[in-house]
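# Reading the structure
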Amino acid sequence: MHAAQRIRVTGLVQGVGFRPFVWRLAQELELKGWVRNDARGVEIAAEGDARHLQSLLLRLKSDAPPLARVEDVQAVAAQPEGRAEFVIAESGGGAATTAIGHDTGICNHCLAEMFDPAGRRWRHAFITCTHCGPRYTLSRGLPYDRARTSMAGFPLCADCGKEYADPADRRFHAETACCPNCGPQLRLLDWHGEAVAGDPIAETLRRLKVGDIIAIKGLGGFHLVCDARNGDAVARLRQRKQREEKPFAIMAANVASLADRVVLDAAALALLHAPERPIVLLKKRACADAALPGVAPGLAWLGAMLPYTPLQWLLFHEAAGRPAGTAWLQGPQALTLVMTSANPGGEPLVTDNDEALVRLSGIADAFLLHDRDIVVRCDDSVVRVIDDSVRPARSAQGEVEGQATESHQGPSTSSGRTEEEERLALPSFQFIRRARGYTPRPIKLAAAGPSVLAVGGGLKNTVCVTRGDEAFVSQHIGDLDNAAACGFFEETVAHLLDVLQVRPEIVAQDLHPDFHSSRYAGTYAERHGLPLVGVQHHHAHIAAVAAEHQHSGPLLGLALDGIGHGSDGGAWGGELLRVDGSDFRRLGHLHELPLPGSDRAAREPWRMAAAALHVCGRDDQIAGRFAHQAAAPTVAQMLARRLNTPLTSSTGRLFDAAAGLLGVRDIAAYEGQAAMLLEGLAEGVCISPLEANWVNAETGALDLCPLLAALFDEDDARRGAALFHTTLAAALAEWVIAAAEREQIKTIALGGGCFLNQILTSKLRSQLNDAGLRVLEAQRIPPGDGGISLGQAWVALNKEF
């Protein structure tokens, strides 16, 4: 029976080869009509045998291209148009309800083509197809067409045009397709900005081998690159970038090149090879520091990634001697590169060629550039493997079928699984930084609501925009502590609103009045006549976890972080909350410690150790224990007299106190260093927790003074670090379990940056599960401040106006 249908496909269906896929299906099923992109996703008009139309509907979901995420397929009966063929039509307009795809690493087909000396894309640094390459970082708007990308200035040559028009070619309607004749071009400039003669790749490699630092233009910004095996080059990079001890990430050609430096299990291998190509934190082997001097000093983990752009691959290919084919990729390769973000002084990533020559002057010895613009700044994502006991909550969505309208719901991938099922098939991992490869993937919310602009906090900032029942969390922006970072924040807000075609109806912000994000939110809301919702920092941490798990109803929240502005104006950071939508109640907090010197105490763990001695009644030991610190007598007096010693319930400062008491670190070179070193020392050490009455019955505070007292005289830092982690987890579990019984709530959400600590998180999770509690954790966003914009949006959506 002949029939016709108008079909609407929504989800991540632009820039992923979906229209060519539909065209091929139509040819196979002998259907006529057309397919096109528009602002809502993909629209199809198809007519032919009714059974073939039904097959088309099913296969749109089950056989979708690898990078596609099909959220919904809707079909309605239509009048036949009597077309003689099936074509890809010009894109339509309208208000956007779809999304731009994320950037992915080069696919195996393109890799093989790039390493084929007989092919016309031999050593082409911009090879791509419908299944791989940049999307978000070069897109200016929707629908996703070449004219709306930074490839618009590179018209296709005749050969590429034939591929673009050939339905049998994997570059059929590939908007980023090009070749050496019509695509972007590489050039190498010296530190004066003068062109360097010769092959840019070969000359870049030569300079890396002699210890030079090269600024290399990537997908979402520049990297500063040097030979990771050259300790002098690494030290020069640290000195020039003013990055004294903070770890660098490395890039190696393959896992065989990493195997003797880090521990690789199946989960780590899966993440390293994922199309998103994140930096993966991996456990170091004993020889790692000797092989990579100065790359990640003193830490137990090393951040590593595999190449994801053709340009990066070409450096390793050149080092291997330009072999033909891909067989060389199986064996270990000697070249290992430091790949660190080109963001001098903590400012945003450098993206523009002229900007690079100015801002990276004095850091880079040469510049490997190209003439394809970076539209959207986007740093590398950073993840770490977590154990299999953590899985995202299952969505309430299911398949719905009707008679007049057929619906196949639940985000689908090329395997036919929903997006969540796809995630469940992967190893569990946790975001430390969510950016390239994962932005701008939407997070599904429990229900649709008004559009919200949530502006995040002051540190590790992200922004979030909601549209319908989806939340779009931006790439990592960073700390809003300089003018350039504030400009990047505003640039990101404008781009996200523009590309999603959203006009916010509500604005949400942190309670801290001095954050740039808070001031911006207030001005924006006033200018547009919108309601402004202030969300307490730790409430937002817990709300973010509730949002991604589509949780409704009351839950307990344990928020552990460095610091956040409390509802009372205090410095909170170790909070037990009862959260119910837009409302929360503070059930308890960590026993407060003084901050001698205020913000300075956060940078000097010995001061927090002195505060711990004071709280435990040992003021007379401060000057002697820290005699090597000239300020120790003054700090002792400040504590005794309560001068410039504001109180905090911060868990981060508790970690600093433990590190200071154990002699792990007196002065931190970067945020979180003391806690990271403490966690590394505790790895693999088994010890029983201390037993004490941890909860103050009158105040509900968790008093860890007995634990701190036990660390005073501990002379084995590894044993002390393990005792700290084990006891802290046990005390927190006791605290939470008692609150769960009292509040009659069985679900607990864990939020805040301290839950990046895997020892603490694993032990706490295990004990809470054993007590019958359902534990929710951040998986689609970082647990720290990079996720609070989502929490702010969730609170605003749940608020009644």
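Residues numbered from 1 in each chain as written. Predicted model: local features only at pLDDT ≥ 70, side-chain atom pairs only at ≥ 80, totals over all residues. Heavy atoms only, no water.

### Some points on the overall build of the protein chain
For the protein chain, the count of helices and strands is 24 helices and 28 strands. The C-alpha radius of gyration of the protein chain comes to 27 Å, within 12% of the 28 Å expected for a compact globule of 801 residues. In terms of principal-axis extent, the alpha carbons of the protein chain reach across some 90 × 65 × 50 Å. In the protein chain, which comprises 801 residues, the share counted as buried stands at 61%. (Helix = DSSP H or I, 4+ residues; strand = E, 2+ residues; numbered from the N terminus. Rg over C-alpha atoms; globule rule 2.2 N^0.38 Å. Buried < 20%, exposed > 50% of the residue type's maximum accessible area, 1.4 Å probe, protein only.)

### Some words on the nonpolar core
As a rule of thumb, nonpolar side chains are buried together in soluble globular proteins. With 75 residues, the main nonpolar core has I106, M114, F115, W313, L337 and F489 as its most contacted residues. Considering each element in turn, this core owes the most residues, nine residues, to helix 12 (residues 483-500). Look past the residues within four positions of F115 in its chain and what remains in contact with it is W122, W313, L314, H317, P323, A324, G325, T326, W328 and L329. By size, the runner-up hydrophobic cluster in this structure holds 67 residues, among which are W606, F655, L661 and A674. (Core = buried A, V, L, I, M, F, W, Y, C linked by side-chain atoms within 4.5 Å. Contact = heavy atoms within 4.5 Å.)

### As for the packing of aromatic side chains
Applying the stated criterion to the full structure yields 10 aromatic pairs. Directly above the ring of W301 sits R384, whose terminal nitrogen or CZ lies 5.1 Å from the centroid. (Phe/Tyr/Trp six-rings, centres within 6.5 Å; stacked < 30°, edge-to-face > 60°. Lys NZ or Arg CZ within 6 Å of the ring centre and 35° of its normal.)

### Digging into the packing of helix 5 (residues 200-209) against helix 9 (residues 310-319)
Each pair of packed helices can be summarised by the angle the axes make with each other and by the distance between the axes. At their nearest, the axes of helix 5 and helix 9 sit 9 Å apart, and the two run at 70° to each other. By the angle between their directions, the pair helix 5 and helix 9 is classed as roughly perpendicular. In the crossing of helix 5 with helix 9, the sense of the turn from one axis to the other is right-handed. The residues of helix 9 that touch helix 5, namely those facing I201, A202, T204 and L205, are L311, L314, L315, E318 and A319. Counted by class, the contact of helix 5 with helix 9 contains seven nonpolar, one polar and one charged residues. (Axes fitted to C-alpha atoms, helices over the stretch in contact; angles between N-to-C directions. Parallel < 35°, antiparallel > 145°, perpendicular 65-115°, else oblique. Left-handed = near helix turned anticlockwise from the far one by under 90°. Nonpolar A, V, L, I, M, F, W, Y, C, P; charged D, E, K, R; others polar.)

### Some remarks on the packing of helix 22 (residues 717-743) against helix 23 (residues 758-770)
Relative to each other, helix 22 and helix 23 sit at 40°, their axes nearing to 9 Å. For the element pair helix 22 and helix 23, the recorded crossing hand is right-handed. Facing H725, T726, L728, A729, A730, L732, A733, V736 and I737 of helix 22, the residues of helix 23 in contact are I759, L760, K763, L764, Q767 and L768. Grouping the amino acids of the contact of helix 22 with helix 23 by side-chain chemistry returns 11 nonpolar, three polar and one charged.

### Things to note about the sheet that holds strand 14 (residues 382-385)
The strand order 6-13-7-8-12-9-11-10-14-16 describes an open sheet built from 10 strands, whose pairing is mixed. Two strands lie at the open edges of the sheet, namely strand 6 (186-190) and strand 16 (429-433), each paired on one side alone. Geometrically, the sheet is characterised by an average inter-axis angle of 35° between neighbouring strands, direction not taken into account. (Pairing = 2+ DSSP bridges.)

### So, the pattern of salt bridges
If charged atoms from side chains of opposite charge come close, those side chains can pair. Using the criterion set out here, one finds 53 salt bridges in the structure. We note a salt bridge from D145 to R19, for which the minimum N-O separation is 3.9 Å. Of this pair, D145 sits in the loop between helix 3 (108-114) and helix 4 (158-165) while R19 sits in helix 1 (residues 18-28), placing them 126 residues apart in sequence. On the basis of relative accessible area, R19 is assigned to the buried category, the value being 7%. Residue D656 is joined to R653 by a salt bridge in which the shortest nitrogen-to-oxygen separation is 2.8 Å. Here D656 pairs with R653, and both are found in helix 19 (residues 651-661), just three residues apart, close to one helical turn. (Salt bridge = Lys/Arg side-chain N within 4 Å of Asp/Glu carboxyl O.)

### Remarks on unusual backbone geometry
Cis geometry marks the peptide bond from T439 to P440; its omega dihedral reads 10°. Summarising the element assignment, P440 is placed in the loop between strand 16 and strand 17 (442-449). The phi torsion at R277 lies on the positive side, around 50°, for a residue other than glycine. The residue R277 is located in the loop between helix 7 (266-273) and strand 10 (279-283) in this model. You can call R277 buried: its relative accessible area is 11%. Located in the positive-phi region is N644, a residue other than glycine, with phi close to 50°. Given a relative accessible area of 48%, N644 falls into the partly exposed group.

### Side note on the sheet that holds strand 19 (residues 464-473)
One open sheet accounts for five strands, arranged 17-19-18-20-21; its pairing is mixed. Each edge of the sheet is formed by a strand with only one pairing partner; in this case those strands are strand 17 and strand 21 (532-535). Pairs of neighbouring strands in the sheet enclose a mean axial angle of 25°, with direction left out of account. Relative to strand 20 (residues 506-510), strand 18 (residues 452-454) runs parallel, the two sharing three bridges. In the strand pairing of strand 20, A454 is matched with A508. Across the sheet, helix 12 lies against strand 18 and strand 19, angled at about 155° from strand 19, the strand it touches most. Contacts between helix 13 (residues 516-528) and the sheet are confined to strand 18, strand 20 and strand 21, with strand 20 contributing the most and set at about 160° to the helix.

### A word on the environment of E714
By the secondary structure assignment, E714 is in the loop between helix 21 (705-712) and helix 22. For E714, a relative accessible area of 16% corresponds to the buried category. Remark: the alpha-carbon pair of E714 and L662, spanning 52 residues in sequence, is separated by 6.9 Å. Apart from the residues within four sequence positions on either side, E714 is in contact with L662, R719 and G720. Here the side chain of E714 touches R719 through a polar contact of 3.1 Å, side chain to side chain. (Polar contact = N/O pair within 3.5 Å; in protein donor to acceptor, adjacent residues only side chain to side chain.)

### Overview of the environment of C157
Structurally, C157 can be placed in the loop between helix 3 and helix 4. In sequence terms C157 and C178 are 21 residues apart; their C-alpha atoms lie 7.8 Å from each other. Not counting residues within four places of it along the chain, the set of residues in contact with C157 comprises R120, C179 and C182.

### Details of the confidence of the model for the protein chain
Predicted confidence across the protein chain gives a mean pLDDT of 92, with 94% of residues reaching 70 or more. Taken together, the stretch residues 388-425 has pLDDT below 50 and engages in 104 contacts with residues farther than four places along the chain or on a different chain. (pLDDT = per-residue confidence, 0-100.)

### Points about the side chain of K217
Here K217 shows up in strand 7 (residues 214-217). Within the structure, the side chain of K217 is placed 3.1 Å from the side chain of N353, a separation counted as a polar contact. In this structure K217 touches F222, L311, T351, N353, L368, L369, H370, R372, D373 and I374, once residues within four positions along its chain are discounted.

### Some thoughts on the environment of A601
Along the chain, A601 turns up in helix 15 (residues 600-603). Residues A601 and R780, spaced 179 residues apart in sequence, show a C-alpha to C-alpha distance of 32 Å. Apart from the residues lying within four places of it in its own chain, the contact partners of A601 are L595, P596, R607 and M608.

### Notes on the pairing of strand 16
Of all the five residues making up strand 16, four are buried; the element is thus mostly covered by neighbouring parts of the structure. Where strand 14 meets strand 16, four bridges bridge the pair, whose relative direction is antiparallel. Bridging across to strand 16, V385 finds its partner in F429.

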